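Chains, contacts and geometry: an overview
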Amino acid sequence: MSLFTESFITTLFLGAIAAGMPLLLAGLGEQLSEKAGVLNIGLEGMMLAGAYAGFVVAWSTGSMGLGFVGGAAAGALVASLMVLFCVRLGLNQIVIGIALTLLVEGLTALLHYVQFSRSYPRLDGITTWPIWPLSRIPLIGPILFDQNLVVYFGLALVAGFAWIYRMTHLGSALQAAGDKPAALDVAGVDVFRIRSLAVLTTGALAGLGGAFMSVAAAGVFVPFMTHGNGFIAIVLAMLARGRPLWVLGGAFLFGGCLSLTTALQVAGVNVPTDVIQMLPFATVMLVLLIAGRKASLPQALGESFVRGAR
Amino acid sequence: MKKTIITTVSRTALALALGWSASAALAGEIDSIAILAPEMGTDMGWNQQGVDAAKAAGAATGVEVVVAENLGYGDVRPTMRELAGDGADLLIAHASGYNTAAPEIGAEMGVPVAIVDSPDKLAAGTIADYTASGSDGAYLAGRLAAKMTRTKVVGIVVSGEPPSWNNMSVAFAEGVKAENPAVEVRYAVIGPAAYSDAAGGKRVTEAVIASGADIIFGEGNGSSFGMLQAVETTPAVDGGKAYFIDVIGDKTSIDKGFLLSSVVWDLTPVYTAMINDLKAGTYGSHNYDINLADGSLHLLKTANIPDDVWASVQEIQAQVASGAIVVEKKYDADSVHAMVTTVEAN
């Protein structure tokens, strides 16, 4: 049977989007936090909380839309702890981030055990919103214009964040909160509020990314299912250095390489699997390192802000 | 000088006495065993089969079983020390990732250990391996898949390439080839050790189905739920149902009509034999395996398999069990890739 049919190629591209979308949402969120000076290592935990809550809400209500909302809310809830401990109390961002991830991993595994470990419920197929007549274009239509609402939202978010960062006072305030928080404070802007809003938004986006994984990409929740995507998103955000479009490129380059590895294996290319599996990581890091070598990270990234401190 | 000789002799005698008493205790007094599993013992796969089998073996032999589950794939040395300190007479390290730590802690705490994927570490009285080879069952699954496929393409999706899964992948492809050389076998790995990547399992399985496969042989712990979800939501290229063949566990209770079969492992005879060997003082004299003959390895019958097909698979099973058909055990990834390519080239 011929391998590279339109159906197979379409599925590969859809797979790339499904794999890239959680990274895009979480990566955009992480970029926002980093802009404001908070290194959000707890991203993995926020994604996992979103994956669990998103699945539970979607499964219990029968509504994928409510599932996505539930996932975003759960991510924001975990992020509120990050706000409390890191932004308000000034504790170490890396330690708290790791602690939150471990807490959520244990908690979601326990909840899954209690609720689902004997039944493993699974959702029906994902609902899409075709954009007529573009969705009828062969090959491209089903890939780009017959997608879930979260995909359209994620793409719009890239443009939205680019506009905020470049064109608005909020963007300038975020930049200042990450580079010169003391100067921003002197200018009369509440640094705590800016950083808190940034971290909460990050949590919501990471939670939405996690919910996308469980509700749309997998249709099931299993413990630890985010599988390091939060950490990959952190790397993407750091390498993208403040540019949302680069997060988009990195996320879908990663997803595309994952699909390419599947295509190579299914085609029977006799290369060691480890080499093929390295492709997504190596490609994304190489591209972003070369493209982003002149950019820089916020000067106060990872540092707590204490009003009046020198 | 005299004092030194007396001290040396005394210490030697004491060491021999302690060694003898430890050996005697090892040989006779087996009160409890412990099993350490990386994920919850409710995954309908590797972890559940291990935990359930340990409990069953304990019940059969009158030995208490302590279960430490959901331990992850990191450093489990502290947990092993705690279990050994609490009096476990055997530590079953139920993950290939534990086969470095377990012998270390076993030696440190003086407790025998059971490990997987390291048969060369066999040591009298202290270490035994139970790298279960499900190849005979996977061969039967391959014969079944080749009989049942409508598109003449079947797929293998795995979340990693540990030896025991390579062993089954090769055997499955051999079974397909033996039944019908014209059937193509397509193979894909989700990711490096992506055991819990359900989304990845679904994504890769969808791609393999889109490539033409209507039967998926999936090996993947938590990610296998994503594979199952993929066959439930993705029709085969001919518009009909795609089917799933699972490994190790039995997902019949959650099946929505897409589970074709499973290569089921029952480790109860393995753990029971370990306990009996400990009691007899022969632990570590040999490794352990599963097989079709004693039922520790079997192919699951579901309603999706027609009776005539099942009857012919049963005939093949009898030939495998009797040795008329020999399925060679191969554990390396290269053998899998070569087998898949060979089958695909036909």
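Residues numbered from 1 in each chain as written. Chains lettered and ligands numbered in written order. Predicted model: local features only at pLDDT ≥ 70, side-chain atom pairs only at ≥ 80, totals over all residues.

**Comments concerning the overall build of chain A**
Rules: Helical segments are the DSSP runs of H or I of at least four residues, strand segments are the runs of E of at least two, and each set is numbered from the N terminus. Only C-alpha atoms enter the radius of gyration, while the globule expectation follows 2.2 Å times N to the 0.38, with N the number of residues. Counting other C-beta atoms within 10 Å of a residue's C-beta gives its exposure: the residue is buried at 20 or more, exposed at 12 or fewer, and partly exposed in between, where C-beta atoms are placed from the backbone. Here contacts are defined at the residue level, using C-beta atoms placed from the backbone and a cut-off of 7 Å between them.
When you go through chain A residue by residue, the secondary structure sums to 12 helices and 2 strands. When its helices and strands are written in sequence order, chain A yields α-α-α-α-β-α-β-α-α-α-α-α-α-α. Here the C-alpha atoms of chain A give a radius of gyration of 20 Å, agreeing with the 19 Å that 2.2 N^0.38 yields for 310 residues. Projected onto its principal axes, the C-alpha coordinates of chain A cover approximately 70 × 45 × 45 Å. The buried share among the 310 residues of chain A stands at 53%. Contacts spanning at least 24 positions in sequence make up 78% of the contacts within chain A whose residues lie at least 6 apart.

**Here we look at the overall build of chain B**
Within chain B, the regular secondary structure consists of 11 helices and 11 strands. Per-residue burial over chain B gives 56% buried out of 346 residues. When contacts within chain B are restricted to residue pairs at least 6 apart in sequence, long-range pairs at least 24 apart make up 71% of them.

**Concerning the environment of Ile41 of chain A**
Residues and elements named next belong to chain A. For Ile41, the location among the structural elements is in the loop between α1 (6-35) and α2 (43-61). The exposure class of Ile41 is buried, given the 25 C-beta atoms found within 10 Å. Separated by 91 residues in sequence, Ile41 and Trp132 place their C-alpha atoms 41 Å apart. With residues up to four places along the chain from it excluded, the contact list for Ile41 reads Gln93, Ile94, Gly97, Ile98 and Ile234.

**Thoughts on the pairing of strand β2 (residues 64-68) of chain B**
Residue and element names in this part refer to chain B. Basically, it comes down to this: Should DSSP find at least two bridges between two strands, the strands are regarded as paired. The handedness rule is simple: strands pointing away from the viewer, and a clockwise path from the first strand over the helix to the second, make the crossover right-handed.
Examined bridge by bridge, strand β1 (residues 32-36) and β2 share 5 bridges and lie parallel to one another. Note on β2: the bridge partner recorded for Ala34 is Val66. Assessed by its sense of winding, the connection that carries the chain from β1 through helix α2 (residues 46-61) to β2 is right-handed.

**Here we look at the domain arrangement of chain B**
Residues and elements named next belong to chain B. What counts here: Where each domain starts and ends follows an automatic or database-derived domain assignment.
Examined at the domain level, chain B breaks down into domain 1 (2-132 + 268-280) and domain 2 (135-266 + 293-345). Taken together, the contact pairs 15 residues of domain 1 with 14 residues of domain 2. Taken together, the elements giving at least two residues each to the side of domain 1 that touches domain 2 come down to α2 and α9 (268-280). For the side of domain 1 that touches domain 2, the leading source of residues is α2, giving 4 residues.

**Points about the confidence of the model for chain B**
All names here are of chain B. Put simply, the rule reads: Confidence scores labelled pLDDT are given residue by residue by the predictor and lie between 0 and 100.
Overall, the predicted model of chain B reaches an average pLDDT of 88, with 90% of residues at or above 70. This stretch, residues 1-10, has a pLDDT under 50; its non-local contacts, to residues over four places away or in other chains, come to 0 contacts. Below pLDDT 50 for its whole length, residues 12-26 participates in 4 contacts with residues either more than four positions away or in separate chains. In the predicted assembly, ipTM is 0.87 and pTM is 0.85.

**Points about the sheet that holds strand β8 (residues 215-219) of chain B**
Strands belonging to one sheet form pairs held by backbone hydrogen bonds; the direction of such a pair is parallel or antiparallel. Residues and elements named next belong to chain B. The line we're drawing: Here the axes come from fitting lines to C-alpha atoms, over the contacting stretch only for helices, and the angles between their N-to-C directions go from 0 to 180 degrees.
An order of β7-β6-β8-β9-β10-β11 is seen for the 6 strands of this open sheet, with the pairing classed as mixed. The open sheet has two edge strands, β7 (184-189) and β11 (297-299), and neither has a second partner. For this sheet, the mean inter-axis angle between neighbouring strands, taken without regard to orientation, is 15°.

**Regarding the packing of helix α11 (residues 244-266) of chain A against helix α12 (residues 273-291) of chain A**
Geometrically, a packed helix pair is captured by the angle between its two axes and the distance between the axes. All names here are of chain A. We count it as follows: Orientation categories follow fixed angle ranges, with anything under 35 degrees roughly parallel, anything over 145 roughly antiparallel, 65 to 115 roughly perpendicular, and all other angles oblique. What makes a crossing left-handed is the near helix being turned counterclockwise from the far one by less than a right angle; a clockwise turn instead makes it right-handed. Three categories are distinguished: nonpolar for Ala, Val, Leu, Ile, Met, Phe, Trp, Tyr, Cys and Pro, charged for Asp, Glu, Lys and Arg, and polar for the others, with Gly belonging to the last.
At their nearest, the axes of α11 and α12 sit 8 Å apart, and the two run at 155° to each other. If you check the angle between α11 and α12, you find them roughly antiparallel. With respect to the hand of their crossing, α11 and α12 are arranged in right-handed fashion. Between α11 and α12, the contacting residues are Trp246, Gly250, Leu253, Phe254, Cys257, Leu258, Leu260, Thr261, Leu264 and Gln265 on the first element and Ile276, Gln277, Leu279, Pro280, Thr283, Val284, Val287 and Leu288 on the second. Residue composition of the contact of α11 with α12, grouped by class: 13 nonpolar, 5 polar and no charged.

**A short note on helix α6 (residues 163-179) of chain B**
Structurally, the α-helix is built with 3.6 residues per turn, so residues lying three or four positions apart point the same way. Here is the rule: In this analysis, the expected span of each helix is defined as 1.5 Å times one less than the number of residues it contains.
Between the first and last C-alpha of α6 of chain B there are 24 Å, a value that for 17 residues agrees with the 24 Å anticipated at 1.5 Å per step. Among the 17 residues that make up α6 of chain B, 14 are buried, leaving the element largely enclosed by the rest of the structure.

**Brief notes about the sheet that holds β1 of chain B**
All names here are of chain B. Strands sit in the order β2-β1-β3-β4-β5 across an open sheet of 5 strands; the sheet is parallel. Only two strands of the sheet have a single partner each, and these edge strands are β2 and β5 (127-129). The sheet shows a mean angle of 20° between the axes of neighbouring strands, taken without regard to direction. Across 2 bridges, the pairing between strand β3 (residues 91-93) and strand β4 (residues 113-115) is parallel. Across the sheet, Ile92 pairs through a bridge with Ala114, a residue of β4. This element, helix α4 (residues 101-109), spans β3, β4 and β5 of the sheet and lies at about 175° to β4.

**Digging into unusual backbone geometry**
Residue and element names in this part refer to chain A. For the peptide bond that leads from Trp132 to Pro133, omega is 5°, which places it in the cis range. Structurally, the position occupied by Pro133 is in the loop between β1 (129-130) and α5 (140-144). One non-glycine residue, Leu139, lies in positive phi territory at about 65°. Examined against the element boundaries, Leu139 turns out to sit in the loop between β1 and α5. For Leu139, a count of 11 C-beta atoms within 10 Å puts it in the exposed group.

**Notes on the packing of helix α6 (residues 149-167) of chain A against α11 of chain A**
Residue and element names in this part refer to chain A. The N-to-C vectors of α6 and α11 enclose an angle of 150°; their axes lie 8 Å apart at closest approach. Here α11 runs roughly antiparallel to α6, going by the angle between their axes. Contact residues: Val158, Phe161 and Ala162 in α6; Pro244, Leu245 and Leu248 in α11. The residue makeup of the contact of α6 with α11, split by class, is 6 nonpolar, no polar and no charged.

**Some remarks on the interface of chain B and chain A**
Many authors give the size of an interface as the accessible area that is lost as the parts come together. Each side of the interface is counted separately: chain B has 42 residues, and chain A has 35 residues. Going through the elements one at a time, β7, α7 (198-210), α8 (223-233) and α11 (333-345) of chain B are the ones with two or more residues in the side of chain B that touches chain A. Among the elements that make up the side of chain B that touches chain A, the one with the highest residue count is α7 of chain B (9 residues).

**Things to note about the nonpolar core**
Quick reminder of the rule: To count as a nonpolar core, a set of buried Ala, Val, Leu, Ile, Met, Phe, Trp, Tyr and Cys residues must be joined through C-beta atoms within 7 Å.
Ranked by size, the top nonpolar core spans 211 residues in total, and within it Leu36, Leu91, Ile92 and Ile216 of chain B carry the most contacts. The element best represented in this core is helix α9 (residues 191-218) of chain A, accounting for 16 residues. Each of two domains, domain 1 (2-132 + 268-280) and domain 2 (135-266 + 293-345) of chain B, supplies a minimum of three residues to this core.

**A short note on the environment of Val51 of chain B**
All names here are of chain B. Of note, Val51 is situated in helix α2. Since 24 C-beta atoms lie within 10 Å of it, Val51 is described here as buried. In the structure, Val51 is positioned 100 residues away from Thr151 in sequence and 38 Å away in space, judged by C-alpha atoms.

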